[in-house]
Amino acid sequence: MIPEIGHFALILALSVAIVQGIFPLWGSLTAKPQWIALAKPAAYGQLLFMVISFACLVYAFVVNDFSVKYTANNSNSQMPTMFRVSAVWGAHEGSLLLWAMILSGWGAAVAFFSKGIPPIMLSRVLSIMGLIGVGFMLFVIVTSNPFERLLQIPLEGRQLNPLLQDFGLIIHPPMLYMGYVGLSVAFSFAMAAMIGGKLDASWVRWARPWTNIAWVFLTLGIALGSWWAYYELGWGGWWFWDPVENASLMPWIVGTALIHSLAVTEKRASFKAWTILLCILGFSLSLLGTFLVRSGVLTSVHSFASDPGRGLFILIFLLVVIGSSLILFSFRAHKLRSVGSFSLISRESGLLVNNVILLVMTATVLLGTLYPLIIDALGAGKISVGPPYFNFVMVPLALVLFSVMGLGFFLRWKKDSIERVLKKVWIPLAASLVIAFVLPLVVAPEFNFKVVLGLFAGSWITLAALMWVVSLGRSPFKLPLASWGSVIAHIGMATTVIGITLVSLYDTEKDVRLEKGQSYEMAGYKFAFEGVEGHQGKNYTANRATMTITQDGKHITTVHPEKRDYGRDAMAMTEAGIDAGFTRDLFVALGEPLGKDAWSFRIYHKPFVRWIWLGAILMGFGGFIAALDKRYRRMRKIAVEPIADNAGKKNQPKPASGVTI
């Protein structure tokens, strides 16, 4: 009975989404207030029915209702309860239902927190989100029904992929989906502004905090995926340029460009076309990522669907979204002329360079991801594009980007001079050069010029951001939250850059054969193998090794890497033993038995690997507090005036040179 309620609630949610997508939009075009007023209740109703539907599916997993086909295929009674719950989104049907529920949640949030937005504008935004919801709910109902019943009910369900039976995979997909779907809000604001033909700064100001929050979720979601792959797959890697990883990276890069472009459009009435196109591109890449993961065209540890019919549905939906939005853009292009002028040396120019580089990086990742698929589709054979291609192109682009990042803090809006900027940046620039060259000579195991470049980039961004705060000559407590958010996010990027540099160039690894009582020394640490014993988990058996790690005779830690067996229909899984530290990780993975009391091990020393994820946390925190800036709350109470250039009749109040994006 409960699954039928869930399916019925999903159909009701679709019905409400159709109402939300059509009637308020038509009412905004025909001046019918009663239809416009339907937008908010419809958004709340859609969320209510989606929560009921999703809760019914969760219930089926928790109580082991194997009469539901999706439950029987992805869960069993031996699994811990928390993994039975996370198994709801561990495969295709449930993950799409989660996606649709999160989309309805974003719509309800926009309806609730956007009290200052004119009803006609809000109705258009919610209508666009409703139409997107219609597409995804139809996808679930037509091709991916998670409530389908089985005529012959099995006594026990199948095993969820052991890779997904992990805490990281409990929170990684919802976090990533929050970011993916969140980009639909910026897209909806852009479409609503074009439908109304009012393309001034008001819609940008309304969209900025929502874009920031979506970017925060996407940042943390990608970082969680990287962290999970690092400790769960047993390879000791944190990024593999896997096609599905790339599918999440592309919207993040475009979202980063969009955040900066929104700032320019709001403050200087420039980059109007850029901003609209970035809104379209960001959400389109989210849909493309969904297509790549769900269609089965990719082989990846992250993808879990291989149904061409489903892929065709998403591809058609993607084409409809891109086609309709670009057609609307072409009709409104004459209204997207930027009225704010700026010189070659200005903050606008710096942000323009920033956006161009980010889009080139996006195109690089897109080409490397799709090119093998295109070659395969043309029957020209199978090829793979791996890290050498991505690193060769992305690293030089990133170095240029990081150089511009530091300068951007000191550039003034509209017009600046090289002389003034150089006077501001010479101290952090000189200090960054000293740090970059001296540190590798003093503390690094060997000098490497690539390390110099990475340390310079990270030091330059950090010191430039801090120096900018000092140069304002005011109390840091009086800075707007948006300014602090910008500083913290850029320092987070610098932290990640330093972590990537040091772990990529200075990590050490070794495959060794050890008998009980033997040891191996690496990077100043001694790894002593004390034996392997059996271990019984709730739904697996394991061989658990004991490895004692010492340094100069001092006990550091004892780790217990495992090789787990989850029974039939599941491959053996490696559970690494990791001693995590602020400046290094010691990573031990158990391999195969090699004779009596002898086992193979893979041992890693990974310096500063935690800085990669620490930087992501700082970026997310910076984006979050920037979204809380008081001007986004104050904007509910004031009317936003159109922005014009100095030569025009109206002039936008100039932001102080100390206010960042």
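Since the model is a prediction, treat every value here as computed from it, not as a measurement.

Right, let's talk about the sheet that holds strand β1 (residues 508–515) for a bit. Reading across from one edge, β1-β10-β9-β8 is the order of the four strands in this open sheet, with antiparallel pairing throughout. Edge positions in the open sheet fall to β1 and β8 (577–580), since each of these has one partner strand only. Strand-to-strand twist across the sheet, computed as the mean angle between neighbouring axes with direction ignored, equals 15 degrees. Across four bridges, the pairing between β8 and strand β9 (residues 584–593) is antiparallel. The residue bridging Asp 579 from the neighbouring strand is Leu 586, located in β9. Sitting on the sheet, helix α9 (residues 202–232) is in contact with β8, β9 and β10 (598–607), with an inclination near 50 degrees to β9.

Here helix α3 (residues 39–62) crosses helix α7 (residues 119–143) at 30 degrees, and the two axes come no closer than 9 Å. Between α3 and α7, the crossing angle belongs to the class labelled roughly parallel. In the crossing of α3 with α7, the sense of the turn from one axis to the other is left-handed. Between α3, through Ala 39, Lys 40, Ala 43, Gln 46 and Met 50, and α7, the contact on the second element is made entirely by Leu 122, Ser 123, Leu 126, Gly 133 and Met 137.

In this model, the protein chain carries a mean pLDDT of 88, and residues with pLDDT of at least 70 account for 93%. Scored below 50 in pLDDT, residues 300–305 shows 26 contacts in the model against residues more than four places distant or in partner chains. Predicted confidence for residues 636–660 stays below pLDDT 50, and this span has 51 contacts to residues more than four positions away or in other chains.

Taken N-terminus to C-terminus, the directions of helix α1 (residues 2–30) and α3 make an angle of 160 degrees; their axes are 8 Å apart at the nearest point. On the basis of their axis angle, the class for α1 and α3 is roughly antiparallel. For the element pair α1 and α3, the recorded crossing hand is left-handed. Every residue of α3 that contacts α1 at Ile 2, Ile 5, Gly 6, Ala 9, Leu 10, Leu 12, Ala 13, Val 16, Ala 17, Gln 20 and Pro 24 is listed here: Ala 39, Ala 42, Ala 43, Gly 45, Gln 46, Phe 49, Met 50, Ile 52, Ser 53, Cys 56 and Tyr 59. Considering only residue class, the contact of α1 with α3 consists of 17 nonpolar, five polar and no charged.

The subject of this paragraph is the environment of Glu 93. Mapping Glu 93 onto the fold places it in helix α6 (residues 92–113). Those residues in contact with Glu 93 that lie beyond four places of it in its chain are Tyr 70, Ser 144, Asn 145, Pro 146 and Arg 310.

Our next topic: unusual backbone geometry. Backbone geometry places Phe 271, a non-glycine residue, at a positive phi of 60 degrees. One non-glycine residue, Phe 608, lies in the positive phi region at around 60 degrees.

All right, on to helix α8 (residues 167–196) then. Over its 30 residues, α8 runs 45 Å from end to end, which matches the ideal 44 Å to within 8%, given 1.5 Å per residue. Counting buried positions along α8 yields 25 of 30 residues, so the element is predominantly enclosed. The N-cap residue of α8 is Asp 166: its side-chain oxygen and the backbone nitrogen of Gly 168 are 2.8 Å apart. Of the residues one or two after α8, Gly 197 is the one with positive phi, at around 75 degrees.

Relative to the assigned elements, Met 1 resides in the segment before α1. Taking the C-alpha atoms as reference points, Met 1 and Cys 56, 55 residues apart in sequence, are found 9.6 Å from one another.

The relative placement of two aromatic rings is captured by the distance of their centres and the angle of their planes. For the structure on display, the rule yields 27 aromatic pairs. With 5.9 Å between their ring centres and 25 degrees between their planes, Trp 215 and Trp 252 make a pair best called stacked. Residue Trp 215 is located in helix α9, and its partner Trp 252 is located in helix α10 (residues 243–268); the two are separated by 37 residues in the primary sequence. Across the pair, exposure class does not vary: Trp 215 and Trp 252 are buried alike. Centre to centre, the rings of Phe 608 and Trp 611 are 5.0 Å apart; their planes meet at 85 degrees, and the pair counts as edge-to-face. Looking at Phe 608, the relative accessible area reads 23%, which means it is partly exposed. One aromatic cluster in this structure is built from Trp 99, Phe 136, Tyr 177, Tyr 180 and Phe 317. Above the face of the Phe 112 ring, Lys 115 is positioned so that its terminal group lies 4.0 Å from the ring centre.

With four bridges connecting them, strand β2 (residues 519–522) and strand β3 (residues 525–536) associate as antiparallel partners. Considered in β3, the bridge of Tyr 520 is made with Phe 527. The hairpin turn running from β2 into β3, its antiparallel successor, is two residues long, and Ala 523 in that turn takes a positive phi close to 55 degrees. Two elements, β3 and strand β4 (residues 541–551), share ten bridges in a ladder whose sense is antiparallel. Bridge pairing links Val 532 to Ala 545 in β4.

Another point: a nonpolar patch on the surface. Nonpolar side chains collect at one region of the surface, where Leu 429, Leu 433, Val 434, Phe 437, Val 438, Leu 439, Leu 441, Val 442, Val 443, Phe 447, Phe 449 and Leu 453 lie side by side and expose about 1,100 Å² of accessible area between them. Elements supplying a minimum of two residues to the nonpolar patch: α15 (418–442) and α16 (449–471). Checked against the element boundaries, Val 438 lands in helix α15. Look at Val 438 and you get partly exposed, because its relative accessible area is 41%.

Moving on: the nonpolar core. Among the nonpolar cores identified, the biggest contains 143 residues, and Met 121, Phe 189, Trp 203, Trp 252, Ile 276 and Met 361 are the most heavily contacted of them. Looking at this core element by element, the count peaks at 17 residues for α8. Ignoring anything within four residues of it in the chain, the contact list for Trp 252 reads Trp 215, Leu 218, Thr 219, Ile 222, Met 493 and Met 619. Phe 456, Trp 460, Ala 464 and Leu 502 belong to the second-largest nonpolar core, a separate cluster that totals 23 residues.

Parameters and conventions
- All chains use their own residue numbering, which begins from 1 and follows the written sequence.
- Reporting in this predicted model follows two pLDDT cut-offs: at least 70 for local features of residues, and 80 or more for side-chain atom pairs to be given and counted; totals over whole chains, interfaces and linings ignore these cut-offs and use all residues.
- By convention in this description, side-chain values take in all heavy atoms of the structure and omit both hydrogens and water.
- Strand pairing follows a simple DSSP-based rule, namely that at least 2 bridges must link the two strands.
- Runs of H or I in DSSP of at least four residues are treated as helices and runs of E of at least two as strands, each being numbered from the N terminus.
- Axes, fitted as lines to C-alpha atoms, cover a helix only where it is in contact. Angles between the N-to-C directions of the axes lie from 0 to 180 degrees.
- Any two residues having at least one pair of non-hydrogen atoms within 4.5 Å are treated as being in contact.
- In this scheme, roughly parallel covers angles under 35 degrees and roughly antiparallel covers those over 145, while 65 to 115 is roughly perpendicular and the rest are oblique.
- In this scheme, a crossing is called left-handed if the near helix is turned counterclockwise away from the far one by less than a right angle; it is called right-handed if the turn is clockwise.
- The predictor attaches a confidence to each residue, and that confidence, scored 0 to 100, is pLDDT.
- In the scheme used here, Gly and all other residues not listed as nonpolar or charged are polar, with Ala, Val, Leu, Ile, Met, Phe, Trp, Tyr, Cys and Pro taken as nonpolar and Asp, Glu, Lys and Arg as charged.
- Expected helix span is taken as 1.5 Å per residue step, with the number of steps being one fewer than the number of residues.
- Exposure categories follow from relative accessible area, calculated using a 1.4 Å probe and restricted to protein chains: below 20% of the type maximum is buried, above 50% is exposed, and the middle band is partly exposed.
- Under this definition, polar contacts are N or O atom pairs within 3.5 Å; protein pairs additionally need one hydrogen-donor-capable and one acceptor-capable atom, and for neighbouring residues in sequence, both atoms have to be side-chain atoms.
- Ring geometry is summarised as follows: Phe, Tyr and Trp rings, the Trp one being its six-membered ring, pair when their centres sit within 6.5 Å, and such pairs are stacked at plane angles under 30 degrees, edge-to-face over 60 and tilted between the two.
- Criterion for a charge above a ring: Lys NZ or Arg CZ within 6 Å of the ring centre, and within 35 degrees of the ring normal.
- Patch rule: a residue counts if its relative accessible area is over 30% and it has no salt bridge; like charges are joined within 9 Å, and nonpolar side chains (Val, Leu, Ile, Met, Phe, Trp, Tyr) within 5 Å.
- Surface accessibility in these figures is a Shrake-Rupley result with a 1.4 Å probe; residues are shielded only by whichever protein chains are displayed.
- Salt bridges, as used here, are contacts in which a Lys or Arg side-chain nitrogen is within 4 Å of a carboxyl oxygen on Asp or Glu.
- The nonpolar core is taken to be a set of buried Ala, Val, Leu, Ile, Met, Phe, Trp, Tyr and Cys residues, with the residues joined through side-chain atoms within 4.5 Å.

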